[in-house]
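So the chains spell out like this:
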Amino acid sequence: MNAHDFPALAPDLEWITDSTRVHKYSQDFNWYSPVLKRQLEGLSADVVARPKTQEHIAKVVSLCSAHGVALTLRGTGTGNYGQCVPLQRGVVLDLSAYNQFLGLQDGVASAQSGIRLIDLDKAAKSLGFELRWIPSTFRSATLGGLYGGGFGGVGSITYGPIAAPGNIISAKVMSMGIEPQVHTYHGLDALLYHHTYGTNGIVLELEVAMAPSTAWSEFLVTFEDFEQALSFASDLSVGSGYVKKEVALIASPIPSYFTALSEFLPANRHAVVALVAPQSVAALKALALTHEGLVTYQKSAQEVQASQRTLIEYTWNHTTLHALKVDKTLTYLQTGFNPQRYREQVLELQKLLSPEVMMHLEFIRTKEGVVNCSGLQIVRFTSEERLEEIMQIHRDHGVQINNPHVYTVEDGKAGGQLNPEILRAKDRHDPQGLLNPGKLRTWSAPNAI
Ligand SMILES: Cc1cc2nc3c(=O)[nH]c(=O)nc-3n(C[C@H](O)[C@H](O)[C@H](O)COP(=O)(O)OP(=O)(O)OC[C@H]3O[C@@H](n4cnc5c(N)ncnc54)[C@H](O)[C@@H]3O)c2cc1C
């Protein structure tokens, strides 16, 4: 018995068996990395299951457990690290139809994991709230996918990453097994299933703390001088009186890749993308003046809504996407600066590596509450060896590399350091090692010799 036999055993579920479509559902945005593209190209599951209910999910889990078949979870496949690419065939569980908004009370929203972030945000906005962080892929990405594979995004400048204490209230998790079990975990225990690529449990539902809904104005402020642009972005991020949702520094020549915005982006100037609340608009403009910045684009929330265009889709990894659309030979880095000396580190690395490495900084508040910048630098790719060298130069300058050119949880994050409780959670929920096998490098089966 193998995965190809499952559709006949569970005919009440929607299955995809056509190999071309199955392959499509087995891929994500790993092609941003020439290394991952080479390693993961062609990998595919045998079949895709599309559950709509918890009973459907339990049925697939039970079949995989009974027959020792690999199960890889998927939201909508916008992850960047081959997170939902099955290394050992089996079943891809597409959770995007398991997508109910379950309610919002006392500033906490709850929803099934397959809900698209845009739908959750809309539902919350009608009740006076919004998500604390959205990835730039908010239109298509799911809540469970962001939780399983993401970090945070637009909004993290105020609320920190997803993992900042207070953001996640609870996670309802299903275990693997012929008779799957469901448990709800709170606070730090819930975070054991965050950014683990769906390897240690199936997140069914999440309760997340929300922010008050705000009518964000969107800005492009451009600068001739890189250091002035950095100071402006940094001052806006640090200044406690500015109510903001996004601050990104996009160094020249990256703005030239934003072809649809070219009329707002004068040549050879660095750009800062900022989203601020209406009461902070005047203060942002005053700050721009002190740094010799020109406001070249300003839209109120109403104008943004009417135009259907948001600058959010020019930030985070959308910045890279716009560049890749123009030049397919580019790739990128993910870096974490030192909050005590990020200005100095940024200036040193800009001097050392520009134009081979083009600076793109996202300003965030860390889990500990201090302002820092995290880099999504764009790299002119020449060889895998040179890419390694560039990452080592960053490490040598005290900059952490969250390597986007590897597909295991450990290697992509925190330099191989993993909370051992994450592995214990896998022991409990997936003792057979069927969930996304190959992605949790340091785990071995509890009874393995
Ligand atoms: C253009 C672009 C921009 C991006 N911007 C951002 C950004 O701003 N911030 C950010 O954090 N990320 C960003 N990302 C990465 C990615 O979009 C986000 O992580 C996104 O939220 C993933 O959602 P998804 O539904 O596509 O997940 P998928 O890619 O389908 O899945 C991601 C991982 O989560 C696991 N998973 C999915 N559902 C569940 C579940 N229910 N339970 C447990 N595990 C599960 C999958 O197995 C996989 O390992 C970006 C990517 C791209 C391509």
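Quick notes on the rules
Residues numbered from 1 in each chain as written. Predicted model: local features only at pLDDT ≥ 70, side-chain atom pairs only at ≥ 80, totals over all residues. Helix = DSSP H or I, 4+ residues; strand = E, 2+ residues; numbered from the N terminus. Expected span 1.5 Å × (residues − 1). Buried ≥ 20, exposed ≤ 12 C-beta atoms within 10 Å, placed from the backbone. Core = buried A, V, L, I, M, F, W, Y, C linked by C-beta atoms within 7 Å. Contact = placed C-beta atoms within 7 Å. Domains from an automatic or database assignment. Nonpolar A, V, L, I, M, F, W, Y, C, P; charged D, E, K, R; others polar. Pairing = 2+ DSSP bridges.

Draft legend 1. Geometry of helix α9 (residues 226–238). End to end, α9 covers 18 Å across 13 residues, agreeing with the expected 18 Å (1.5 Å per residue, within 8%). Listing the buried residues of α9 in full gives Ala229, Leu230, Phe232, Ala233, Ser234, Leu236 and Ser237.

Draft legend 2. A look at the nonpolar core. Judged by nonpolar contacts, the single largest core of 119 residues is most densely connected at Leu71, Val91, Ala233, Leu249, Val272, Val273 and Ala274. What Leu71 contacts, discounting residues up to four positions off in sequence, is Val61, Cys64, Gly90, Val91, Leu93, Leu434 and Leu435.

Draft legend 3. Looking closely at the domain arrangement of the chain. Its domain assignment divides the chain into domain 1 (3–96), domain 2 (101–213) and domain 3 (217–401). Using C-alpha coordinates to define each centre, domain 1 is positioned 21 Å away from domain 2. Of the residues lining the interface, 16 residues belong to domain 1; the matching set on domain 2 comes to 20 residues. The element contributing the most residues to the side of domain 1 that touches domain 2 is helix α4 (residues 54–67), with seven residues. Here the residues of the side of domain 1 that touches domain 2 are counted per class, giving six nonpolar, ten polar and no charged.

Draft legend 4. Summary view of the pairing of strand β18 (residues 360–365). When you tally the buried positions in β18, you get six out of six residues, the bulk of the element. Burial of β18 is two-sided: the residues His360, Glu362 and Ile364 facing one way and the residues Leu361, Phe363 and Arg365 facing the other way are all buried. Bridge count for strand β12 (residues 244–250) against β18 is three bridges, and the pairing is antiparallel. When the sheet's bridge partners are listed, Leu249 is paired in β18 with Leu361. Two elements, β18 and strand β19 (residues 371–375), share five bridges in a ladder whose sense is antiparallel.

Draft legend 5. Layout of the environment of Phe223. Turning to its location among the elements, Phe223 is positioned in strand β11 (residues 217–223). Once the C-alpha coordinates of Phe223 and Gly198 are considered, the two residues, 25 residues apart in sequence, prove to be 42 Å apart. If we skip the residues at most four places from it in the chain, Phe223 touches Gln228, Ala229, Phe232, Arg269, His270, His291, Glu292 and Gly293.

Draft legend 6. Focus on the sheet that holds strand β15 (residues 330–332). Taken together, three strands build an open sheet; the order of strands is β15-β20-β17 and the sheet is antiparallel. Single-partner strands in this sheet number two, and they are β15 and β17 (357–358). Of the strand pairs in this sheet, β17 and strand β20 (residues 378–380) are connected by two bridges, and their pairing is antiparallel. By the bridge assignment for β20, Val357 is matched with Val379.

Draft legend 7. Structural detail: the environment of Tyr81. You can see Tyr81 is positioned in the loop between β3 (71–74) and β4 (91–94). When the 28 C-beta atoms within 10 Å are taken as the criterion, Tyr81 is described as buried. For the pair Tyr81 and Asp94, spaced 13 residues apart in the sequence, the C-alpha separation amounts to 17 Å. Beyond its immediate chain neighbours, meaning those up to four positions away, Tyr81 contacts Asn30, Leu36, Pro404, Tyr407 and Gly412.

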